[in-house]
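Letter by letter, the chains look like this.
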Amino acid sequence: MPRARLIAANWKMHKSISEAVAYAQEMRTALPTLPASCDIVLIPSFFAVRPAVEALAGARAWVGAQDLHWEASGAFTGEVSAAMVKDAGAMYVLVGHSERRHGFAETDPIVAKKLGAALGAGLTPILCVGETLSERESGLEDHVVERQLAVAFGDKSAEDARSTVIAYEPVWAIGTGHTAKVSDAVTMHRTIRKWVQERFGSPIAKALRIQYGGSVNPSNAADLLASDEVDGLLVGGASLDLASFLGIARAVVRS
Ligand code: PEP
């Protein structure tokens, strides 16, 4: 069974509720023009999750949240729990995005707890991993990504791994216009899949969806998706404009 490709739009801190709803409604209209093997996920701000879910109700597209807290409830002002994300109707949640890891001091153990909370609530986590430029220049990219995986999945089961999507997002490629070379992305996806195979076995590794993220746009999406190793794309800046995001989704050719 080929892995259905997952094309996700991470809007970061952009778009009001009304802008998110208008986009979701237009997306819904455009869905029949997209390849059938393409799963679409919109990832707006927390406030726009529920309105986007309602705008897409019954359509073959899903909504995710950008973050969550690992505790179920409590005195954590400003935070949102996994159950709240689920209650809003989200199906996916980003975990360990590099802007959280590097801008908000999210450590590997924190990411591991968030991954556990997401799985516990029945959400599909998109676990983001990736090295910085200096780590790549020092030849440490495999070491860094394997460490991120080892900590995130340290206390997780094979079933947990089966329920997780991994996004390889080299930090130096995010929002910079510098996309990873296709060969480098594919090499890292193979490293990730091998790690998952050794830890959780072949069937889980074969079913695992690994997205690439980092300055994806309509011009480079097809080259990235030409490899069977690339099971989808996590798109930031280029997803803010619907025509651009649709251009990326149309690059999915796997049937
Ligand atoms: C992201 O936010 O996950 C991302 C990959 O951003 P961009 O596409 O803008 O590099």
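Residues numbered from 1 in each chain as written. Predicted model: local features only at pLDDT ≥ 70, side-chain atom pairs only at ≥ 80, totals over all residues. Heavy atoms only, no water.

## Overview of the overall build of the protein
Move 1: Counting secondary structure elements, the protein contains 12 helices and 8 strands.
Move 2: Here the protein has a C-alpha radius of gyration of 17 Å; the compact-globule value for 255 residues is 18 Å, and the two agree.
Move 3: Considering only C-alpha atoms, the protein reaches an extent of 45 × 45 × 35 Å along its principal axes.
Move 4: Each of the 255 residues in the protein was classed as buried or not, and the buried ones make up 55%.
Move 5: Relative to all contacts within the protein whose residues are 6 or more apart in sequence, the contacts with residues 24 or more apart total 71%.
Move 6: In the form shown here, the protein has an accessible surface area of approximately 11000 Å², with 56% of it arising from carbon and sulfur atoms.
Move 7: For the protein, the distance from the average position of its 25 positive side-chain charges to the average position of its 28 negative side-chain charges is 5 Å. (Helix = DSSP H or I, 4+ residues; strand = E, 2+ residues; numbered from the N terminus. Rg over C-alpha atoms; globule rule 2.2 N^0.38 Å. Buried < 20%, exposed > 50% of the residue type's maximum accessible area, 1.4 Å probe, protein only. Contact = heavy atoms within 4.5 Å. Areas by Shrake-Rupley, 256 points an atom, 1.4 Å probe, with all protein chains shown as cover. Lys, Arg positive; Asp, Glu negative; His and termini not counted. Charge placed at Lys NZ, Arg CZ, Asp CG, Glu CD.)

## Structural notes on the side chain of S215
Move 1: Position of S215 among the secondary structure elements: in the loop between β7 (210-213) and α11 (221-225).
Move 2: With a relative accessible area of 18%, S215 lands in the buried category.
Move 3: A distance of 2.7 Å separates a polar side-chain atom of S215 from the backbone nitrogen of G177.
Move 4: Non-local contacts of S215, meaning those with residues more than four positions away in its chain, are made with A173, G175, T176, G177, H178, T179 and N220. (Polar contact = N/O pair within 3.5 Å; in protein donor to acceptor, adjacent residues only side chain to side chain.)

## Considerations on the state of the cysteines
Move 1: One pass over the full model with this rule turns up 0 disulfides.
Move 2: Considering cysteine sulfurs only, C128 is the nearest to C38, which forms no disulfide, with 18 Å between them.
Move 3: Here C38 falls in the buried class, since its relative accessible area comes to 3%.
Move 4: Judged by relative accessible area, which is 1%, C128 ranks as buried. (Disulfide = S-S within 2.5 Å.)

## Structural notes on the site of the ligand
Move 1: The environment of the ligand is formed by 14 residues, the closest being K12, E169, G175, S215 and G236.
Move 2: Here G175 contributes a backbone N or O atom positioned 2.6 Å from an oxygen atom of the ligand.
Move 3: Within the backbone of G236, one N or O atom sits 2.8 Å away from an oxygen atom of the ligand.
Move 4: When the ligand sits alone it has 290 Å² of accessible area, and the protein chains cover 96% of it.
Move 5: Counting atoms within 2 Å of the grid points, the majority share of the ligand lands in the second largest pocket.
Move 6: Among the residues forming the shell around the ligand, the class breakdown is 4 nonpolar, 8 polar and 2 charged. (Near = heavy atom within 4 Å. 1 Å grid on protein atoms, 1.4 Å probe; cavity = no way out; pocket = protein on both sides within 12 Å on 5 of 7 lines; lining within 4 Å. Sits in = over half its atoms within 2 Å of the grid points. Nonpolar A, V, L, I, M, F, W, Y, C, P; charged D, E, K, R; others polar.)

## Digging into the pattern of salt bridges
Move 1: Taken as a whole and judged by the stated rule, the model has 19 salt bridges.
Move 2: Taking the shortest distance from any N to any O, the salt bridge between K12 and E99 comes out at 2.6 Å. Of the two residues, K12 is situated in the loop between β1 (5-10) and α1 (17-30) and E99 in helix α4 (residues 98-103); the sequence distance between them amounts to 87 residues.
Move 3: Residue E106 pairs with R100 through a salt bridge whose shortest N-O separation is 3.4 Å.
Move 4: A relative accessible area of 7% means that E106 is categorised as buried.
Move 5: Its relative accessible area of 23% is what places R100 among the partly exposed residues. (Salt bridge = Lys/Arg side-chain N within 4 Å of Asp/Glu carboxyl O.)

## Re the environment of S81
Move 1: Note on placement: S81 falls in the loop between β3 (61-65) and α3 (82-87).
Move 2: Under the relative-accessibility criterion, S81 is labelled buried at 6%.
Move 3: Spatially, the C-alpha atom of S81 lies 9.4 Å from that of K114, the residues being 33 residues apart in sequence.
Move 4: Sequence-distant contacts of S81, defined by excluding residues within four places in its chain, comprise H69, E71 and A72.

## Some remarks on the sheet that holds strand β6 (residues 165-168)
Move 1: Read once around its circumference, the closed barrel built from 8 strands follows the order β1-β2-β3-β4-β5-β6-β7-β8, with strand pairing classed as parallel. Strand-to-strand twist across the sheet, computed as the mean angle between neighbouring axes with direction ignored, equals 25°.
Move 2: In this sheet, strand β8 (residues 232-235) lies alongside β7 in parallel orientation, the contact comprising 2 bridges. By the bridge assignment, G213 is partnered in β8 with L234. (Pairing = 2+ DSSP bridges. Axes fitted to C-alpha atoms, helices over the stretch in contact; angles between N-to-C directions.)

## Re the layout of surface pockets
Move 1: If you add up the space inside the largest pocket, you get close to 590 Å³.
Move 2: For the largest pocket, the lining is made up of 23 residues, of which S45, F46, Q66, D67 and R100 are closest to its centre.
Move 3: Elements with a contribution of two residues or more to the lining of the largest pocket: α2 (46-55), α3 and α4.
Move 4: At 3 residues, α2 tops the list of elements feeding residues into the lining of the largest pocket.
Move 5: Looking at the lining of the largest pocket residue by residue, the class counts come to 12 nonpolar, 6 polar and 5 charged. (Points joined across faces, edges and corners; volume = space filled by probe spheres on them.)

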